[in-house]
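# Observations on chain architecture
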Amino acid sequence: MGDILITDDESDIRSLISDILEDEGYRTRTAGTATECMDALRDEEPAVMILDIWLKDSEMDGIDILKVARREYPDVPVIIISGHGNIEIAVAAIKQGAYDYIEKPFNIDQLMVVVGRATETARLRRENSELRRKDAASAEMIGQSPGFRTLVSNLKKVTNSNARVMLSGPAGSGKEVAARWIHANSSRAGAPFVTVSSASIEPERMEAVLFGRESPERGIEQGLLEQAHEGVLYFDEVADMPMATQGKILRVLVEQAFQRVGGSEKVRVDLRVLSSTNRDLEGEIRAGRFREELFHRLNVVPVEVPALEDRREDIPVLADHFINALNKAQGLPLRPLGDETRALLQTMRWPGNVRQLRNMIERVLILGEGTGPIEPSELPNPSEGGGDTGDVTLSGSLASLPLREARELFERQYLMTQINRFGGNISRTASFVGMERSALHRKLKSLGVVTASRGGARVARVDT
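Below, the structure is looked at part by part. These numbers were taken from a predicted model, which means no experiment stands behind them. (Residues numbered from 1 in each chain as written. Predicted model: local features only at pLDDT ≥ 70, side-chain atom pairs only at ≥ 80, totals over all residues. Heavy atoms only, no water.)

A few words now on the overall build of the protein chain. A tally of helices and strands in the protein chain yields 18 helices and 16 strands. For the protein chain, the C-alpha radius of gyration of 29 Å lies well beyond 23 Å, the compact-globule estimate for 464 residues. With the C-alpha coordinates aligned to their principal axes, the bounding extent of the protein chain is approximately 95 × 55 × 35 Å. Expressed as a percentage of the 464 residues in the protein chain, the buried residues total 46%. Carbon and sulfur atoms form 47% of the exposed surface of the protein chain, whose accessible area is close to 23100 Å². Distance between charge centres in the protein chain, computed from 59 positive and 70 negative side chains, equals 10 Å. (Helix = DSSP H or I, 4+ residues; strand = E, 2+ residues; numbered from the N terminus. Rg over C-alpha atoms; globule rule 2.2 N^0.38 Å. Buried < 20%, exposed > 50% of the residue type's maximum accessible area, 1.4 Å probe, protein only. Areas by Shrake-Rupley, 256 points an atom, 1.4 Å probe, with all protein chains shown as cover. Lys, Arg positive; Asp, Glu negative; His and termini not counted. Charge placed at Lys NZ, Arg CZ, Asp CG, Glu CD.)

And the structure:
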């Protein structure tokens, strides 16, 4: 179990608490003065602290030590004990961040319950810290296409400012990864990255989740805004936020302060706010579903995250990345992509974007056999349907057309697919399809195919 640091100026109290806890399997250390407590704290960070408010012959009392502990060791829960207890002391301790408060003489069962809860809280805080570190590592941006390079260039411009950024793009395109990349490469990288899932939080709970609660019985329960202090607060799919909550968030952005539910004092926070949406927010404003002022507050720097179909060059690179990541995380086979498989992946439709590609790769690795290259036959059949399959672009009712029209339709679809696969690069497309570049240009002109810029990349379209 965890290590618990017990600080009390009465040796018999220290020994009693230590003996009780060690009988239950905890490791303990003890300190009789503020100096001994601070030395022990800095020597090794404990899982939990039990701290007497009144410390004789010490320059600091328990509240002073609590303040230092909360500032320097924020993940360590502190349980305050005192034989001079009253409600004012309890409230003062809780307001300074104490986990709980116990009066002497204490009940052993009560002590064990509080210590057990505090130990579990410490474990969860350590896990959260570890997850934050992993999140920073997982904020890696993968790609090499023109659209991807444009995205990264735009992200680099906003990393070292505190400007609010609105990331727009279709679902599954990697907006949260882009937000985490901004955080990981900014001056706030060591502080929390807290996600607000606007769609999954019930409207009636939104205020408590965001602002936290405050009550005499439970003390202070921090909300997401407070947890993100000095770090980044990320509103995922902000268009799903209830209108009433939008107004309260707007006030927080203006004042950088809020009140907890049930509280009366203003809580000040230092936050950088990032947001994302897959909707047209200006259209939502016109429909009366989104506050225009909030939009302008959040949309200081708009950044577009391109769909996977606008960065087809990146599909093999992303697939290789997912194969390696799934091998490390889940022990799935480390299988390379066959050449035909790479080409087929680049010709498929990806309505679910990068998320869909990852799901497909995971499915193939789980269901596949052997360790050889992944073959086209292992990819999901478009006719199966389902959310994680991709439909092949080269399709249509060719059988119902005369040969000349069918051939023209096929050539148009085929060449557009290859151009998009190679990021609009005509030279690479010509080399792959086995045509001279000038001949390809003539063929495209005869088919009415042109290339245009979209999301920083060149894509093929029919000239209308």
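Read on for the rest.
Helix length check: helix 15 (residues 353-367), at 15 residues, gives a terminal C-alpha distance of 21 Å against a target of 21 Å (1.5 Å per residue), a fit within 8%. Taken together, the buried positions of helix 15 are occupied by Asn-353, Val-354, Gln-356, Leu-357, Met-360, Ile-361, Glu-362, Val-364 and Leu-365. Next to the buried residues of helix 15 lie helix 13 (315-330) and helix 14 (339-347). (Expected span 1.5 Å × (residues − 1). Contact = heavy atoms within 4.5 Å.)

What the five strands build is an open sheet, ordered 2-1-3-4-5; its pairing is parallel. Both edges of this open sheet fall to strand 2 (27-31) and strand 5 (100-103), since each of them pairs with a single strand only. Along the sheet, successive strands turn relative to each other by an average axial angle of 20°, direction set aside. Across five bridges, strand 1 (residues 3-7) lies against strand 2 in parallel orientation. Directly across from Thr-7, in strand 2, lies its bridge partner Ala-31. Along the sheet, helix 1 (residues 11-23) makes contact with strand 1, strand 2, strand 3 (48-52) and strand 4 (78-82), crossing strand 2 at roughly 170°. (Pairing = 2+ DSSP bridges. Axes fitted to C-alpha atoms, helices over the stretch in contact; angles between N-to-C directions.)

A few words now on empty space enclosed by the protein. All chains considered together, the criterion is met by one cavity of 30 Å³ or more. What lines the largest cavity is Leu-225, Leu-233, Phe-235, Ile-249, Val-252, Leu-253, Leu-271 and Val-273. Those elements giving two or more residues to the lining of the largest cavity turn out to be strand 10 (232-236) and helix 10 (243-255). Counting residues per element, the lining of the largest cavity draws most heavily on helix 10, at three residues. (1 Å grid on protein atoms, 1.4 Å probe; cavity = no way out; pocket = protein on both sides within 12 Å on 5 of 7 lines; lining within 4 Å. Points joined across faces, edges and corners; volume = space filled by probe spheres on them.)

To continue, consider the sheet that holds strand 10. Spatial ordering of the open sheet is given by 7-10-13-6-14, a layout of five strands whose pairing is parallel. A single partner strand is all that each edge strand has here, and the edge strands are strand 7 (193-197) and strand 14 (301-304). Across the sheet, the axes of successive neighbouring strands diverge by a mean angle of 20°, strand direction being ignored. Inspection of the sheet shows strand 6 (residues 165-168) paired to strand 14 by four bridges, in the parallel sense. What sits directly across from Leu-167, in strand 14, is Val-303. Sheet strands in contact with helix 7 (residues 175-184) are strand 6, strand 7, strand 10 and strand 13 (272-277), and its direction is about 155° off that of strand 7.

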